Each structure stands twice: as structure tokens, then as C-alpha cells.
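Each chain, written out:
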Amino acid sequence: MFRTMVIAGVGLIGGSLALAARERGLVERVVGYGRNETTLRRGKRIGILDRYFLHARDFPEDTDFLVLATPVSAIAPLTRSFLPRLDRNCLISDVGSVKGRVVADMDRLLKAGPPFVGAHPIAGSDQWGPDAARADLFVRRRCIITPTAKSAPAAVKKLRTFWRRVGAKVETMDAGVHDRVLGVVSHLPHVAASALVNALERTKVGSLDLAEYCGSGFRDTTRIAAGRPELWRDICLLNREAVLKGLREYARGIERFAEYVRRNDGPGLEREFERALATRKRIT
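Each value, and the rule that gives it
Residues numbered from 1 in each chain as written. Predicted model: local features only at pLDDT ≥ 70, side-chain atom pairs only at ≥ 80, totals over all residues. Heavy atoms only, no water. Helix = DSSP H or I, 4+ residues; strand = E, 2+ residues; numbered from the N terminus. Contact = heavy atoms within 4.5 Å. Areas by Shrake-Rupley, 256 points an atom, 1.4 Å probe, with all protein chains shown as cover. Lys, Arg positive; Asp, Glu negative; His and termini not counted. Charge placed at Lys NZ, Arg CZ, Asp CG, Glu CD. Phe/Tyr/Trp six-rings, centres within 6.5 Å; stacked < 30°, edge-to-face > 60°. Buried < 20%, exposed > 50% of the residue type's maximum accessible area, 1.4 Å probe, protein only. Disulfide = S-S within 2.5 Å. Pairing = 2+ DSSP bridges. Axes fitted to C-alpha atoms, helices over the stretch in contact; angles between N-to-C directions. Parallel < 35°, antiparallel > 145°, perpendicular 65-115°, else oblique. Left-handed = near helix turned anticlockwise from the far one by under 90°. Nonpolar A, V, L, I, M, F, W, Y, C, P; charged D, E, K, R; others polar. pLDDT = per-residue confidence, 0-100.

Novice: Before we go on, may I ask you to explain the overall build of the protein chain in this structure?
Specialist: From N to C terminus, the protein chain includes 10 helices and 8 strands. Once the C-alpha set of the protein chain is aligned to its principal axes, its extents read approximately 70 × 45 × 30 Å. By sequence separation, contacts in the protein chain at least 24 residues apart represent 72% of the contacts at least 6 residues apart. Accessible surface for the protein chain amounts to roughly 15,500 Å². Of this, 52% is attributable to carbon and sulfur atoms. The protein chain carries 48 positive and 32 negative side-chain charges, and their two centres are separated by 4 Å.

Here you go:
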């Protein structure tokens, strides 16, 4: 499908996408870009990249597919630095977890081309870096495409085809709706898990190290708190309203539990646990 694919940000998602595209014969060559040459060198050594570059002035002029897998706040500025060497027909996309701000910024930046179509594969891990990448990461996982009225239909069709061919279940969604949904199902859980870990760290029981007493329940509940802090900083700030709305609802839920405990209200507690159990069973 593509001659030269540039991956900006060769971590779990970017690296996995490169591996998947290479394994399925969708690209002729993969070129990496990033700030850390050690990471890029590792990506080349383990077969993710054919080569890499460190400076925008070295962006390959024959690139026909640019994937931005960086923290979301870097997507538009990085694209601007590549613009002088970008072919007008190069398809540009991203894999960011926030879409509204990214899509708006890219529409303004690229109003004269090249075409941009936002995407978000709902796949991930608490691990990061090129060594965490794997070619089957997106198989049977949902990938949300967020085109706008300015998106070229041919570019949207090509991106949908690409994601289907790496194994994803592709869905189209308005960028604002995407952010409200992900604010609840992805961004809020990460903040909640991080707050729970921080509560552990701040709670003192004599001289005991509480981290040594955590069982599988605590580990499973807080696994996502091991994500990269700079990525989640950007996500929370760029999807601020949805995250705040989710946090307010979560705080009300915590307060309900607290009130039932204060009142020694067993039936109330049981109702809350039953409600959670019924909803949890619907999550596949």
C-alpha cells in the first residue's frame, strides 16, 4: 500500500504498527524518527526499522505515509517541522488517545494539504519502548477513525483499509464523541489507578512497606498506572473537560461508598457492589 512509511515515535504502538505493516506486506520500507537515538538504534536492530533519522531536515522526501505516535501535544508541532519536505500526497495519521484538539490543530495546519485523518487504535500495554512492540497487537482490537468534513474521502478509505489489513476492527466516530467516550473508559481509569497507587505510597502503617503486601487484586487494579507519565499528562490536559467530568462522577461514587461505610449501611454497600458486578459482566 505504501512505499515509505515514517513512524515518529518508535514505542509500543508505533513499533507494533511498523511490525504489523511489514509482516503483512503493506509497506516497502519503514523509517523511524525520534529524539532518542538509542531507542531508534534498538528499533533498527530488532527489525522494526530499515533506518532512522534524528532531524526534521532529513525527513525522507519519498514518504507516502507518516504516522505520528508521539505524545499528543507534539503531533501538530512535529508535523509543522516536517512540512517543507512533505509530499502533497503523503497520507498523515496519528495514533493518539485524544482526537478533538489534534484533529482541529491538524486541519488548521494542513488546510492546503497533505491529507490528514486521525486514528486511535484501542490497544496497549503498561509496557513501552520498541522491545514491547509486537505484530499482532491490533488483531481484533477496535481502531477508531475520526475524519472531519475537510478529510479527503480517498485518504479516509485508504486509512480504513490499512487498519483493517493489520487486523483491526475499524469504526468511524466524531472526534468530540471519541474524546467523551475515551475520557470515561480510558483516561479516567488511568487517573484512578494512579491515585490509588499514590494513596498506597502516602499511607503509613508503622515502618511497613505496604508495596510488599500487595496481592493480585491491587496489582491488577493498578497495572495501567505504570504507563508513561508524559503521555498521560498530555492526555489529561488535552481532554480536560471529559476527564474532569469523569473524575466528578467517580468522586461521587467514592463518596457514596464512604457514606455507606460511615453509616454502617450494609444493604447500601451491597447494592453498590451488585450494580458494579452487573456492569462488569457486560465488559468483554
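Novice: Is there a simple way to explain the packing of aromatic side chains in this structure?
Specialist: How two aromatic rings sit relative to each other is given by the distance of their centres and the angle of their planes. Applying the stated rule across the entire model yields 11 aromatic pairs. An angle of 35° between the planes, with centres 4.6 Å apart, marks the rings of F59 and F82 as tilted. With F59 in the loop between β3 (51-53) and β4 (65-68) and F82 in helix α3 (residues 75-82), this residue pair connects regions lying 23 residues apart in the sequence. Exposure class is identical for F59 and F82. Each is buried. A ring pair is formed by F138 and W163, whose centres lie 5.1 Å apart and whose planes are at 85°; its orientation type is edge-to-face. Placement of F138 in the loop between β6 (116-121) and β7 (142-146) and of W163 in helix α5 (residues 153-165) is noted, with a sequence separation of 25 residues between them. The residues F138 and W163 share a single accessibility class, namely buried. Here a set of aromatic residues connected by ring pairs shows up, and it is made of F2, F65, F138, F162 and W163.

Novice: Help me understand the state of the cysteines, please; the structure alone is not making it clear to me.
Specialist: Disulfide: a covalent bond formed between the sulfur atoms of two cysteine residues. Summed over all chains, the structure comprises 0 disulfides. C90 provides the cysteine sulfur closest to C143, a residue in no disulfide bond, and the two sulfurs are 17 Å apart. Since its relative accessible area comes to 0%, C143 is described here as buried.

Novice: Hey, could you run me through the sheet that holds β7 in this one?
Specialist: Strand pairing in a sheet is mediated by backbone hydrogen bonds. Such pairs are either parallel or antiparallel. Read across the open sheet, the 8 strands follow the order β3-β2-β1-β4-β5-β6-β7-β8; overall the sheet is mixed. With partners counted over all chains shown, the strands left at the sheet margins are β3 and β8 (169-172), one partner each. Strand after strand, the sheet turns through a mean of 25° between neighbouring axes, direction not considered. In this sheet, strand β5 (residues 91-94) lies alongside β4 in parallel orientation, the contact comprising 4 bridges. The partner of F65 across the bridge, within β5, is L91.

Novice: Help me out: how do you make sense of the packing of helix α6 (residues 175-202) against helix α9 (residues 240-262) in this one?
Specialist: Where α6 contacts α9, the two axes come as close as 8 Å, and the packing angle between them is 60°. The pairing of α6 with α9 is recorded here as oblique in orientation. Crossing handedness for the pair α6 and α9: right-handed. Here D179, R180, G183, H187, L188, V191 and A192 of α6 come into contact with α9, specifically with A242, V243, G246, L247 and Y250. Class assignment of the residues belonging to the contact of α6 with α9 gives a composition of 7 nonpolar, 3 polar and 2 charged.

Novice: What is the right way to look at the confidence of the model for the protein chain in this model?
Specialist: As a general rule, the predicted coordinates of low-pLDDT regions are not to be interpreted in detail. This prediction gives the protein chain a mean pLDDT of 93; 99% of its residues lie at or above 70. When the elements of the protein chain are averaged for pLDDT, helix α8 (residues 229-238) gives the smallest value, 90, and β4 the largest, 97.

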